[in-house]
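Examining the three-dimensional arrangement
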Number of protein chains: 2
Amino acid sequence: MPLPEIQKAIRWHPPSYDIRVEDVPVPSIQHPDDAIIKVKLGALCGSDLHVYRGHGGAMINNKIHTCGHEFIGEVVALGESFGAKAEGRPALYSSLKIGDKVVSPFTVNCGECHVCRLGYTGRCPDGSLFGTPALEGGQAQFVRVPKAGGTLFNLSNPSTWSSAMPESLKEQALSKIADSSLLMLADILPTGLFAALQAINHPKVAAVITGKPWPLCFSQNVTTGNEVSLLESDKVLTVAIIGLGPVGICATVSILDILATRNIPFRIVAIDPNEARREKVKAVYDAIGPDGKGTGEFAALSIDEAKIKVNEWTNGVGATAVLEVVGNVSALELSFELVRTFGVIVSVGVHGESLLPMTTRQIYGKNISFDFGRCPSRAMFPLAFDILVKRQDVFGKVGDPASLIDRIVDFSQAPESYRAFDKGEIGKVIFDPWK
Amino acid sequence: MPLPEIQKAIRWHPPSYDIRVEDVPVPSIQHPDDAIIKVKLGALCGSDLHVYRGHGGAMINNKIHTCGHEFIGEVVALGESFGAKAEGRPALYSSLKIGDKVVSPFTVNCGECHVCRLGYTGRCPDGSLFGTPALEGGQAQFVRVPKAGGTLFNLSNPSTWSSAMPESLKEQALSKIADSSLLMLADILPTGLFAALQAINHPKVAAVITGKPWPLCFSQNVTTGNEVSLLESDKVLTVAIIGLGPVGICATVSILDILATRNIPFRIVAIDPNEARREKVKAVYDAIGPDGKGTGEFAALSIDEAKIKVNEWTNGVGATAVLEVVGNVSALELSFELVRTFGVIVSVGVHGESLLPMTTRQIYGKNISFDFGRCPSRAMFPLAFDILVKRQDVFGKVGDPASLIDRIVDFSQAPESYRAFDKGEIGKVIFDPWK
């Protein structure tokens, strides 16, 4: 079936705060590695607001472009690279078919360079971010995906999923998961999981998790004759999550899932000054089934309450790990205050041109680790998808206090949705391009 | 045998650059957990220069005090806590004996609080740094060690060493290791090993080491159908070591040993603007036997040469890990320039009150991790001792191009040694209090 020539798209106009719905040409294959996706749903993400406000890249050349880096859809056209087995190329070049349901990460990645082979797909040298002057976004009826065999995740083909996903979940994934749920994969769930995995796998967390002191935590068979055994209370992981937007909630669900799966006892405080967001994370926590909750305490608190709680839980020592999901200086200051000596701060917020609000002596003096950066979303998909399917008790919710989606609207509501989302008046919005 | 009443000690006088050898009282047991050590050798360390120059704590109250935080010696008196088995206390309280040879970390640590149980001994809340106004140092004939059952490492008793050390090495350790070699344990070898271990165990290094892409590197049994296999060249760890003072050399020996033991291929560049230091690290590298050298390339280069070399080795990608062993802003700038996207910078240098010389956006944009802080020296002793004994091809050298010790002098040469060491005219100096 030939594609139409003209489509509707949500477009950014310079200099800022000017979103229009316009008729634009439907994209076509420009390179053999391209795929054209008919978008089923496209979402509005907090980081779209950088473009909306005219910050950074958007201002450089004031280029009018289609917005959005979160979308799922159906493959409607494929370039010539697809269909033949190509040695050393991602398997999707041979297996992806017209009609397959796919989700894209928020950045393109080739999947085959040194950086991608290592799984650092969010920083592929050939990558671009959808919904910027560099690459037309997914808040449209159709979108072109470059390097599609490396970039896309095939929701129709379980052979490209995590081998750890049980067959029963695979069947569920193929038949029962709502598109609005699958859309969480594009950015927010992998990014939340990225924060959680960096913390859990950090060397400074290893002593608590392994129950062996630093540095014996790295060489499990080694003992010495002088260390004092850890108490059960030493093995409780204290985690603070700062920022309870959609990514913060996904980080919360992800770390709970990992801790439950690995049977690690914990105390988690989820922090946001916004009461509605705290209520949301509480509803999400309540909705999680016992297999995803693990063994530990959970509290959603304001900043001041959280300081008191962490102090009380740890006798003034502080949190082992802090997940900073905001991306500004005051969140980093709070992270530094809450984190323990020998703790780790994982920051997945998109930061501006600020300096770290503490001196190198302060960082040295507290033996702190920082892990900053953008999620390698494509590389995270299989593990994130596993959690998405397993945690349908949360991600399956729509129009419920525990739902991460505030509303699904048609394109005519895009300008108003951007405005209200920017003002914090509404939560996550999904656009249906065909409504 | 009763202790003398008066001893010689190297003393700091306010406001700065004033080192005197004086007669002072021999310390006595002040608390049941104390031990008195007859010092065999005490060393001068780069971080003693902070005090020498009158920076930081030394200036606070201008208190005259005995210098030095690196010393080994023999137990000559023990407090009442020693000798009886005390449940939950470090084993040394029951096993340490008069006459045992011991080494102390540069900080006191109780060994039994929450922080110490986790192995973060360098940050024990009851800890103090030797050779500061808070605690008389070890550049004396006798020194008092508080919390001695938690603090000291018993070089005479293999039951308190690493269980990984082979019996043959234990015998060698008991009989054949020079005191000047054992002194490396007090600070510089554990600190160098601390830098190396943090890098090797960091999640951002896991993909290279495991040969599985992020995040599958954390869950070895999981596969997905789309990742491209890593090439052998992807599995080569590129490490830059910045600063080739004694700690930088220990970091180099340590990371080489770990990479050799674990059979991880590497490229290491050791960087210092000072040619004599580069020659030293080359001599050290040449002295290392094949079992400690592993499989990889090693170069000792100036800053500009190193930038070119890392670029050439990695096709412009950068080093997977950077060990920053200097502790100033320009070393951090160089680290940031050399490190790859998704790389880790481990900083064990003692930093001043500077801000990090890059913005949060730059750190986010490169997905960098930082690990700062002071070595938990006591916790590192068993593993560091293992390397010390194994690597006598390096640490056993005295008065040789590969020796980490420049000279062993008597106390009368202390003022001149401090001056010359501060000016960079001489390398590491050891004081013999009885010469």
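From a predicted model like this one, the values you see are computed outputs, not experimental measurements.

Right, let's get into the environment of B:Arg391. All names here are of chain B. Structurally, the position occupied by Arg391 is in the loop between helix 15 (377-390) and helix 16 (392-395). When near neighbours in sequence (up to four residues on either side) are disregarded, Arg391 contacts Val253, Asp257, Ile288, Gly289, Asp291, Gly292 and Gly396. Only 2.8 Å separates the side chain of Arg391 from the side chain of Asp393, close enough to count as a polar contact.

All names here are of chain A. Each domain of chain A was delimited in the assignment, giving domain 1 (6-186 + 376-432) and domain 2 (190-372). Using only C-alpha atoms to locate each centre, domain 1 and domain 2 end up separated by 29 Å. Each partner contributes to the interface: domain 1 provides 24 residues, whereas domain 2 provides 21 residues. Of the roughly 1800 Å² buried between domain 1 and domain 2, counting both surfaces, carbon and sulfur atoms make up 72%. It is Met380, Ile387 and Arg391 in domain 1 that bury the most area against domain 2; as a group they hold 29% of the surface buried on that side. There are 3 salt bridges connecting domain 1 and domain 2. Between Arg391 and Asp257 there is a salt bridge, and its shortest N-O distance comes to 3.0 Å. One can count 6 residue pairs in polar contact (both at pLDDT 80 or more) joining domain 1 with domain 2. For the side of domain 1 that touches domain 2, the secondary structure elements donating two or more residues are helix 15 (377-390) and helix 16 (392-395). Top contributing element to the side of domain 1 that touches domain 2 by residue count: helix 15, with 7 residues.

Counting residues at the interface gives 83 residues for chain B and 82 residues for chain A. Both sides of the chain B and chain A interface together cover about 7200 Å² of buried area, and 59% of this is carbon and sulfur. The largest contributions to the chain B side of the interface with chain A come from B:Arg117, B:Tyr120 and B:Tyr364, which together make up 12% of the buried area. Where chain B meets chain A, there are 2 salt bridges. The shortest N-O distance in the salt bridge between B:Asp234 and A:Arg117 comes to 2.5 Å. Taken together, the connections running from chain B to chain A amount to 40 residue pairs in polar contact (both at pLDDT 80 or more). Secondary structure elements with two or more residues in the side of chain B that touches chain A: helix 4 (114-117), helix 8 (188-200), helix 9 (203-210), strand 13 (339-347), helix 14 (360-365), strand 14 (369-372) and helix 15 of chain B. Looking at the side of chain B that touches chain A residue by residue, the class counts come to 40 nonpolar, 30 polar and 13 charged. Where strand 14 (residues 369-372) of chain A and strand 14 of chain B come together, 3 bridges link them in antiparallel fashion. When the sheet's bridge partners are listed, A:Phe370 is paired in strand 14 of chain B with B:Phe370.

Residue and element names in this part refer to chain A. The tally for this structure, following the rule as stated, stands at 50 salt bridges over all chains. Ionic pairing is found between Glu70 and Lys428, a salt bridge with its closest N-O pair at 2.8 Å. One end of the pair, Glu70, is in strand 5 (residues 70-78); the other, Lys428, is in strand 16 (residues 428-432), and 358 residues separate them in sequence. This pair shows no difference in class: Glu70 is buried, exactly as Lys428 is.

Right, let's get into the UniProt feature "domain: Alcohol dehydrogenase-like C-terminal" (unreviewed entry) in chain A. UniProt's feature table lists "domain: Alcohol dehydrogenase-like C-terminal" (unreviewed entry) at residues 262-381 of chain A, given in the numbering used throughout. Counting secondary structure, residues 262-381 of chain A comes out at 39% helix and 26% strand; the distance between its end C-alpha atoms is 20 Å.

Of the consecutive residues A:Trp214 and A:Pro215, the connecting peptide bond is found in the cis state with omega at -5°. Assignment of secondary structure puts A:Pro215 in the loop between helix 9 (203-210) and strand 9 (237-242). Residues other than glycine seldom take positive phi values, yet B:Lys147 does so here, at roughly 45°. Along the chain, B:Lys147 falls in the loop between strand 7 (142-145) and helix 5 (148-151). The exposure class of B:Lys147 is partly exposed, given its relative accessible area of 23%. Even without glycine at this site, B:Asn315 takes up a positive phi of about 50°. For B:Asn315, the position within the fold is in the loop between helix 12 (303-314) and strand 12 (319-324).

Rotating chain B by 180° about the axis while translating it 0.0 Å along that axis superimposes it on chain A, leaving an RMSD of 0.0 Å. In the structure described here, the two chain copies are related by an operation that fits a two-fold rotation axis. Using C-alpha coordinates, one finds that chain B approaches the rotation axis most closely at B:Phe370, a distance of 2.5 Å. Taken as a fraction of all interface residues of chain B, those also at the interface in chain A reach 99%, which identifies the copy contact as same-surface.

Rules used in this analysis
Residues numbered from 1 in each chain as written. Chains lettered and ligands numbered in written order. Predicted model: local features only at pLDDT ≥ 70, side-chain atom pairs only at ≥ 80, totals over all residues. Heavy atoms only, no water. Helix = DSSP H or I, 4+ residues; strand = E, 2+ residues; numbered from the N terminus. Contact = heavy atoms within 4.5 Å. Polar contact = N/O pair within 3.5 Å; in protein donor to acceptor, adjacent residues only side chain to side chain. Domains from an automatic or database assignment. Buried area = accessible area lost by both parts, 1.4 Å probe. Salt bridge = Lys/Arg side-chain N within 4 Å of Asp/Glu carboxyl O. Nonpolar A, V, L, I, M, F, W, Y, C, P; charged D, E, K, R; others polar. Pairing = 2+ DSSP bridges. Buried < 20%, exposed > 50% of the residue type's maximum accessible area, 1.4 Å probe, protein only. UniProt positions renumbered as here; feature names shortened; annotations may be inferred. Least-squares fit on C-alpha atoms with pLDDT ≥ 70 in both.

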